[in-house]
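Residue-level structural notes
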Amino acid sequence: MKEEQKEELNGTQQDVEQPILQTEQDETSEEKTDKMSEDIVEEPTIEEQLEAANKEIVSLKDQLLRKIAEFDNYRKRTIKEKTDLILNGGEKTITTILPVLDDMERALKNMQNAEDISAVIEGIELIYKKFIDILGKQGVSVIDTKEADFDVDLHEAIAQIPAPTSELKGKIMDCTQTGYKLNEKVIRHAQVVVGL
């Protein structure tokens, strides 16, 4: 009798387990179906995709046109600034040189009535020094040629003469025109006579 009860319990247990397993399987298949239906619902239609793409195209075209207009305005502004700089770039230099011009005018007037030539020479030397100082403040410097070695980057040889001593060979003997540098860039080579 005990064996029959055991078999009954086993059968009952299997009967209970089968519906539970069946219920779990039904629930997972329902979840899968729900997920699939959600995936289908979330996917936009072709018309919606086309409309979104067209909106993005219009937006990108607008951005592109704005960037092109901004760049064109920038280009025009920089061309104008560059033109103004070229036309008026020397204004500062010219305004600093004008006092030298005033001094020259005064010297010319005084030369007509001057009796002492040494005073006139002294006045001209003062104007010259003032002018050199102004140029120095603008970055202009004189290229040194006195007893210097000949340098093709700084000097232009216009003549060669025999050197009186062997130490003066290849050295500058005379300067016929002063050379200048602007901020270490040669703007005019010094014209010199070189010893052979």
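Residues numbered from 1 in each chain as written. Predicted model: local features only at pLDDT ≥ 70, side-chain atom pairs only at ≥ 80, totals over all residues. Heavy atoms only, no water.

All right, on to the sheet that holds strand S5 (residues 185-188) then. The strand order across the open sheet built from three strands is S1-S4-S5, with neighbouring strands paired in antiparallel fashion. Edge positions in the sheet fall to strand S1 (140-142) and S5, since each has one partner strand and no second. Each strand axis lies, on average, 40° off the axis of its neighbour in the sheet, ignoring direction. With three bridges connecting them, S1 and strand S4 (residues 180-182) associate as antiparallel partners. (Pairing = 2+ DSSP bridges. Helix = DSSP H or I, 4+ residues; strand = E, 2+ residues; numbered from the N terminus. Axes fitted to C-alpha atoms, helices over the stretch in contact; angles between N-to-C directions.)

This part is about the packing of helix H3 (residues 91-113) against helix H4 (residues 117-137). Two numbers describe a pair of packed helices, the interaxial angle and the distance between the axes. The contact between H3 and H4 brings their axes to 10 Å, and the two run at 170°. Classed by the angle they form, the pair H3 and H4 counts as roughly antiparallel. Contacts between H3 and H4 involve Thr96, Ile97, Pro99, Val100, Asp103, Met104, Ala107 and Met111 on the former and, on the latter, Val120, Ile124, Ile127, Lys130, Phe131 and Ile134. Within the contact of H3 with H4, the residues separate by chemical class into 11 nonpolar, one polar and two charged. (Parallel < 35°, antiparallel > 145°, perpendicular 65-115°, else oblique. Contact = heavy atoms within 4.5 Å. Nonpolar A, V, L, I, M, F, W, Y, C, P; charged D, E, K, R; others polar.)

A few words on the nonpolar core. One finds Ala148, Ile172, Ala190, Val192 and Val194 forming the largest nonpolar core, which totals five residues. Broken down by element, the residue count for this core peaks at three residues, all from strand S6 (residues 190-195). When sequence neighbours within four positions are dropped, the list of residues in contact with Ile172 reads Thr145, Glu147, Ala148, Asp149, Phe150, His155, Val192 and Val193. (Core = buried A, V, L, I, M, F, W, Y, C linked by side-chain atoms within 4.5 Å. Buried < 20%, exposed > 50% of the residue type's maximum accessible area, 1.4 Å probe, protein only.)

Using the criterion set out here, one finds nine salt bridges in the structure. The salt bridge involving Asp72 is made with Arg75; its shortest N-O contact spans 2.7 Å. Of the two residues, Asp72 and Arg75 are both situated in helix H2 (residues 46-88); the distance of three residues between them amounts to about one turn of the helix. Using a relative accessible area of 25% as the deciding quantity, one classes Asp72 as partly exposed. Taken together, the salt bridges that share partners define one network made up of Asp72, Arg75 and Lys76. (Salt bridge = Lys/Arg side-chain N within 4 Å of Asp/Glu carboxyl O.)

Another aspect to go through is unusual backbone geometry. Phi is positive for Glu147, which is not a glycine, with a value near 55°. In this structure, Glu147 sits in the loop between S1 and strand S2 (155-161). Taking relative accessible area as the criterion, Glu147 reaches 62% and is therefore assigned exposed. The backbone phi angle of Glu184 is positive, close to 70°, even though this residue is not glycine. Note on placement: Glu184 falls in the loop between S4 and S5. Classification of Glu184 by relative accessible area gives exposed; the value is 64%.

All right, on to a nonpolar patch on the surface then. Taken together, the side chains of Leu64, Leu65 and Ile68 present a nonpolar region at the surface, about 310 Å² in accessible area. In this fold, Leu64 is placed in helix H2. (Patch = residues over 30% accessible without salt bridge, like charges linked within 9 Å, V, L, I, M, F, W, Y side chains within 5 Å. Areas by Shrake-Rupley, 256 points an atom, 1.4 Å probe, with all protein chains shown as cover.)

Right, let's talk about the side chain of His155 for a bit. Of note, His155 is situated in strand S2. Look past the residues within four positions of His155 in its chain and what remains in contact with it is Ile143, Asp144, Thr145, Asp149, Phe150, Ile172, His189, Ala190 and Val192.

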